[in-house]
Amino acid sequence: GAVVSQHPSWVICKSGTSVKIECRSLDFQATTMFWYRQFPKQSLMLMATSNEGSKATYEQGVEKDKFLINHASLTLSTLTVTSAHPEDSSFYICSASPPRAGGLNNEQFFGPGTRLTVL
Amino acid sequence: AQSVTQPDIHITVSEGASLELRCNYSYGATPYLFWYVQSPGQGLQLLLKYFSGDTLVQGIKGFEAEFKRSQSSFNLRKPSVHWSDAAEYFCAVGGATDKLIFGTGTRLQVFP
């Protein structure tokens, strides 16, 4: 149980185009989903937190208009990189949390990641 | 400020040797602590977590970690490393908001 998928697993696009990455919780409902960015040999940096049916909360320094996040259902969140440039090339990882139980911090279940290369 | 420090960027051990990966955190409230493992090009897999209670936590794949509040540490240990343990290991701290703060990671290399 607790499987999170991402699609596509890798994508190459031309500079100036937009790319959409999907994150799905396959066997549970995710009230909260998170989007991370990871540069080679570096740690994960949280980009934004999305809650189903509401606007995403972006971390400081993350451009809202460039990284559009939609959490339309309890099993799907999408990240759209708009007008992509080579510096947007990175490994994007999503995670999902089921509804909080007892007020405890819930475990995040991570997707396998999407490698984006912008030419 | 909230932060996680993993002092060792790269560790090399022989197969069968014991392992300890260090993690120190700075967090203003009761911390929830996690260790994740990442294989190349893959997402993260949870090894173990600490929320409360017994400070020695058992995880998957034979890993354990000990929460030491006085030292603000949550070190990961394994008594005998297997070649398949070679990967990147991340320590993370979170709180009631569910946001996780990750350390910079420790790359483990295992020699036969």
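Preceding this section is the structure that the text describes.
In what follows, the accompanying structure is described. (Residues numbered from 1 in each chain as written. Chains lettered and ligands numbered in written order. Predicted model: local features only at pLDDT ≥ 70, side-chain atom pairs only at ≥ 80, totals over all residues. Heavy atoms only, no water.)

This part is about the pairing of strand β12 (residues 106-111) of chain B. Residues and elements named next belong to chain B. The side-chain alternation of β12 yields one buried face, formed by Thr106, Leu108 and Val110, and one unburied face, formed by Arg107, Gln109 and Phe111. By the bridge criterion, five bridges tie strand β2 (residues 10-14) to β12 in an arrangement that is parallel. By the bridge assignment for β12, His10 is matched with Arg107. In terms of strand pairing, strand β10 (residues 87-94) meets β12 through three bridges, oriented antiparallel. Its bridge partner lying in β12, Tyr89 is registered against Thr106. (Buried < 20%, exposed > 50% of the residue type's maximum accessible area, 1.4 Å probe, protein only. Helix = DSSP H or I, 4+ residues; strand = E, 2+ residues; numbered from the N terminus. Pairing = 2+ DSSP bridges.)

Turning next to the sheet that holds strand β1 (residues 4-7) of chain A. Strands pair in a sheet through their backbones, by hydrogen bonds, and they do so in one of two ways: parallel or antiparallel. Residues and elements named next belong to chain A. The sheet built from four strands is open, its strands ordered β1-β3-β8-β7 with antiparallel pairing. Strands at the two margins of the open sheet, each flanked by one partner only, are β1 and β7 (67-73). Between one strand axis and the next, the sheet turns through 15° on average, direction left out of account. With four bridges connecting them, β1 and strand β3 (residues 19-25) associate as antiparallel partners. Considered in β3, the bridge of Val4 is made with Ser25. (Axes fitted to C-alpha atoms, helices over the stretch in contact; angles between N-to-C directions.)

On the chain A side, the residues contacting the 23 residues of chain B number 22 residues. Summed over both sides, the interface of chain B with chain A buries roughly 1800 Å², with 52% coming from carbon and sulfur. At the boundary of chain B with chain A, the tally comes to one salt bridge. The tally of links between chain B and chain A comes to four residue pairs in polar contact (both at pLDDT 80 or more). (Contact = heavy atoms within 4.5 Å. Buried area = accessible area lost by both parts, 1.4 Å probe. Salt bridge = Lys/Arg side-chain N within 4 Å of Asp/Glu carboxyl O. Polar contact = N/O pair within 3.5 Å; in protein donor to acceptor, adjacent residues only side chain to side chain.)

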